[in-house]
Amino acid sequence: MKDDCRIGFYICNCGTNIAKVVDAEQVCERIAGLPGVACARAYKYMCSNPGQEMITRDIRERGLNRVVVAACSPRMHEPTFRKALEAAGLNPYLLEMANIREQCSWVHDDPRAATAKACDLAHAAVRRVRYHQPLEKVEASYAPATLVLGGGIAGLTVAVELAEASQPVYLVEREGKLGGNVGRADLTAPYLDSARDILAEKIARAEASPKLDILLRSELVELRGFVGNFRATVRTTGGPTRDLAVGAVVVCTGYQEFDATRIERLGYGRFPDVITSFELERRLRMGRLETDDGRIPRYVSIVHCVGSRNPRYHPYCSRVCCMTALKYGHEIKSALPAAMVTDLYVDMLSFGKGGEDFYRRTSELKTMFLMYEKGDPPRVRAAEPGDDCGLLVQVNERLSGEVIDVPADLVVLMVGMEARADGGDVARTVGISQDRQGWFIESHPKLAPVSTATEGVYIAGCCQSPKDIPDSVAQARAAAAMVLAHVAQGKIEVDARFAEIDPDRCSGCRMCNELCPYTAITFDPDERRSSVQSALCKACGTCVAACPSGAITARHFTDKQIFEQIEGVLAWSSSRSS
Amino acid sequence: MEFEPIIVGFLCNWCSYTGADLAGTARIKHRPNLRTIRVMCSGRVDPTFVLKAFAAGADGVLVCGCHPGDCHYIEGNYKTMRRMELLGQLVRAYGIDERRVRLEWVSASEGERFARLVDEMTLELRQLGPCKLRPTVAALANDFDGLSRAVTAQVAASGEVTHG
Amino acid sequence: MADRKLQVALYWGAACGGCDVAVLDTDAFILDLAAAADLRFWPIAVDGKYDDVEAMADGELDLAIFNGAVRNTENQHVAELLRRKAKLLVAFGSCAHLGGIPGLANAASRDEIFHRAYLANPSLEEGNVVLPVTEKKVASGTLEIPKLYRRVHKLDDVVPVDYYVAGCPPAPEQVKAVLKAVISGKLPARGSVVGCSERAVCDDCKRRKEEKKVKRFYRPWQVLQDPERCLLEQGIVCAGSVTRSGCGVRCPNSGMPCRGCYGPTAGVRDQGAKFISAIASIVDSRDPDEIASILGQIPDVMGYAYRFGLPAATIPGTARSL
């Protein structure tokens, strides 16, 4: 160990959250006896101002050069305590936390066992912190231009917001026109304003902005570099391939609709009068609410949750279909008051502003609601010659427990949203991850909803998960705000935790080269050495574990630091009585 | 007193550690036998860490990462999957019961699953008993204590021993 | 110093004799050594008794070169004796350095080894089972043979070591390097592996290195190799990347994969664990079953990982041996 360590140890009672199970005094006493520990204190709320001041004062007055705080999860208050160190002029990376709340006092009842565990975790933290090194953040410039992928409602919003803030934007759209899926809709729920109007306003602003470069029939083929300093290669069909310098990328690539032919019993593709919600939107836009052979439908059946909330297809809710289905009821009843509209639904999810009110109003239109069991969608068949309709929709009605044949001239399938089939290519190109359903993953669902694993790459709209227009626009504007905040600074601080290759130890074996998901490792064929471009590195450490020469160090997660933790957690426990 | 195993856990910051925190915020009680070490990604887990934990007296080692396809670092967990497979072969060669080393995928939303996993592994290790792999070079002086009874008994049974 | 010859002892512990041959393998240099040094003790080449060493004053020897692992009471006794009598003690060759090939005995228990050697050996004559005992009273007194330890140990497990010379056996260049250093008095930092690089064998290996992605592993004889390309990239399990360089890339240059006898590089704690981490990392699959089947093509993982260094591993032997 380092002889000159003067460690301050602080254990938080967190009111009674920690102290009612963990004997903080006992932990203090045991930790105080460890080599290098200069002081050990317990306090009611370490994260409070007096708690932080206690640390800063001790650093100044007692000459502490390392701090361990045993408290809540570092995911909660590590930034707080790092600031306390900085306030006393100590490098923030000389802090280590022991998580004795979320992972100890909140989950264990037995005070003796919980206290023993807290001691072990604190011991490990003390042993680890001895090998902490002061780390300095690295600064890089931030290019003002932004690349926006996708010209749907989210992408348009991002692009317009940035361009109108006088920042250059490249809006890349794969199709020949802007608008995305919103461009395929007629009216929007719950206020029944026209999708066309919403889009037209945005597109007009986009086209009018001198800062906004719209690249239609184009796609991103390669993205190199790092936050603030990306180089994007964009290829335009029948046009030039461009190399763009951008500081940030906002991915707004949207969704695709569920393929209704996958649920055979719905009859989509077999019966021309079974249509998807998008096909109905098209008919509504054209003002032709009729069957395939041009008749006015007397019976319209709307099937909810097609592909959504179904364990065999997509387990999640697509969020917009219930409201859209209610909108259809409204539009059909307005156009054809005599038509009988039946909603076959699983649950009515009319959440959100104006949702419940819209549900109440449309249900007053005397549409019929029949409930079916999740995973047991209705079965569509041709009606008998004597029947008064073209199709019969058989449903196992859940509330009555009866099998009901619903007459229909037109069956509308509320097809759910799914991640785009080419989402994986986009994810790989820009270096973001996808969940099991293929949706792009945000850094934190609550605290960082538009950031991603790659710094400088943001996501907005339905590529992240199904959402309605207000949510997409809100995310888009959030992403634009994130970009503008960085652009305003003109520079970026790169996290001090990254991997480093010691050129004196690198053997040029190239074992690590293919492992980095961010292509942060480059190989110099002349020197025969690999090196890490620190700004690209996300500090996962997978190359560190692989490096056979031991030439790669994970800053703040070094082998030595982790070895110390391993020995620390076991030093007292493995000598237990058994 | 019942044997209480100590499990060293290596949890990735983004999924599993967050899942463990979620078990906390949701107050999902579980056995206090796990000692967690946070890493940024399960891909950081060098097999040396696992061996080191056993050498330092752990009764079991639990490595947790994001579900395949969900990795915060896109595919770090696939590297973990491969390393743990080969490490598993070594662990078996060492004569360490393979139930003592587990690789599990725990997402940030699986607090309940995390808690059950800790309980399950604790109970399993209780039945297996302590892992006596803490080597002590200090015991060298007493390293030799003659042939064990097992061999001696075998020799006696064969009845044809000539003492050289 | 100029008027006084170097006082040198060489000893073999649990070893095959190859290290002693490696000293002789320095060709004409051996004559320089003979001119510069008095070989006070060298059981394989020069007649001598332990009593002669016991009789020396502490520190009387300038250099003791110990090859072989520490396997029994005799090895330990001589290790301690030479440590006391010599100013510099060198762990020479893989066995003294890391435990070496004899160290693989730590995969089994001592009982199993005895059982195999003395009771279940296919070459045993039926009805003629001889089991060694360590003490036997005879008319003239008590006879003793060394006691076998449960495990094989490397030299620095029992005594402090000043320098290490890696290799099974060490390359003649290293042998010369260590002897020259002692003769000239220009000694490297204490504890260093003399005459070796800080980097791995790959650094000196001239084979072309490209993309490392492996779908299938081969034994050297199972595949027609590209003599220009990295063996590992061809699926031939080569330990070069986890092994300290200094041998002159002897094996890969001869078309054979490195087996790891020089031990881990300076930055690595556990050669075998790194072997596992590195080799598994480059397997080109995301499917658990396929991964298991590809990695299953590597036979005897422990043997590959710790061929020359099981006693130096984080866990120095199997559960049975401990």
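Since this is a predicted model, take the numbers as computed values, not measurements. (Residues numbered from 1 in each chain as written. Chains lettered and ligands numbered in written order. Predicted model: local features only at pLDDT ≥ 70, side-chain atom pairs only at ≥ 80, totals over all residues. Heavy atoms only, no water.)

Asks: Can you help me understand the environment of E104 of chain B in this one?
Replies: All names here are of chain B. Examined against the element boundaries, E104 turns out to sit in strand β4 (residues 101–105). Look at E104 and you get buried, because its relative accessible area is 17%. As a C-alpha pair, E104 and M81 span 23 residues in sequence and 9.5 Å in three-dimensional space. Not counting chain neighbours up to four residues away, the residues in contact with E104 comprise L62, V63, C64, G65, R113 and L117. Of the polar contacts made by the side chain of E104, one reaches the side chain of R102; its length is 3.0 Å. (Helix = DSSP H or I, 4+ residues; strand = E, 2+ residues; numbered from the N terminus. Buried < 20%, exposed > 50% of the residue type's maximum accessible area, 1.4 Å probe, protein only. Contact = heavy atoms within 4.5 Å. Polar contact = N/O pair within 3.5 Å; in protein donor to acceptor, adjacent residues only side chain to side chain.)

Asks: Would you mind going over the nonpolar core with me for this structure?
Replies: By size, the foremost hydrophobic cluster in this structure holds 182 residues, and its most contacted members are F9 of chain A, F10 and Y94 of chain B together with Y306 of chain C. Ranked by the residues each element gives to this core, the list is headed by helix α5 (residues 111–129) of chain A, at 9 residues. Each residue touching F9 of chain A, except ones within four places of it in the same chain, is listed here: V27, C28, I31, V37, C39, A40, R41, V68, A70, A122 and V126 of chain A. Counting residues in hydrophobic clusters, the runner-up holds 47 residues, among them A260, V320, Y372 and V380 of chain A. (Core = buried A, V, L, I, M, F, W, Y, C linked by side-chain atoms within 4.5 Å.)

Asks: What am I meant to see in the interface of chain A and chain B here?
Replies: Frequently, the measure chosen for interface size is the accessible area that the parts lose on association. Opposite the 54 residues of chain A that make contact, chain B presents 53 residues. Carbon and sulfur atoms make up 58% of the area that chain A and chain B hide from each other, which totals about 4,700 Å². Taken together, chain A and chain B are joined by 5 salt bridges. For the salt bridge of D109 of chain A with K29 of chain B, the shortest nitrogen-to-oxygen distance reads 3.4 Å. Taken together, the connections running from chain A to chain B amount to 19 residue pairs in polar contact (both at pLDDT 80 or more). Listing elements by their share of the side of chain A that touches chain B, those giving two or more residues are α3 (74–87), α4 (101–105), α5, α13 (542–546) and α14 (559–571) of chain A. Top element by residues in the side of chain A that touches chain B is α14 of chain A. It accounts for 8 residues. Considered class by class, the residues forming the side of chain A that touches chain B number 24 nonpolar, 17 polar and 13 charged. (Buried area = accessible area lost by both parts, 1.4 Å probe. Salt bridge = Lys/Arg side-chain N within 4 Å of Asp/Glu carboxyl O. Nonpolar A, V, L, I, M, F, W, Y, C, P; charged D, E, K, R; others polar.)

Asks: What am I meant to see in the pairing of strand β2 (residues 37–43) of chain A here?
Replies: Regular strands have side chains that alternate between both faces of the sheet. Here 6 bridges tie strand β1 (residues 7–12) of chain A to β2 of chain A, and the two strands are oriented parallel to one another. From the neighbouring strand, G8 of chain A faces β2 of chain A, where its bridge partner is C39 of chain A. (Pairing = 2+ DSSP bridges.)

Asks: Please clarify how the sheet that holds strand β25 (residues 457–459) of chain A should be interpreted in this entry.
Replies: Residue and element names in this part refer to chain A. Taking strand neighbours across the sheet as the criterion, the 5 strands line up as β10-β7-β6-β14-β25 in an open arrangement whose pairing is parallel. Looking at which strands have only one partner, the edges of the open sheet turn out to be β10 (212–215) and β25. Mean inter-strand twist for the sheet, computed between neighbouring axes without regard to direction, equals 20 degrees. Pairing of strand β6 (residues 146–149) with strand β7 (residues 169–172) involves 4 bridges; the strand directions are parallel. (Axes fitted to C-alpha atoms, helices over the stretch in contact; angles between N-to-C directions.)

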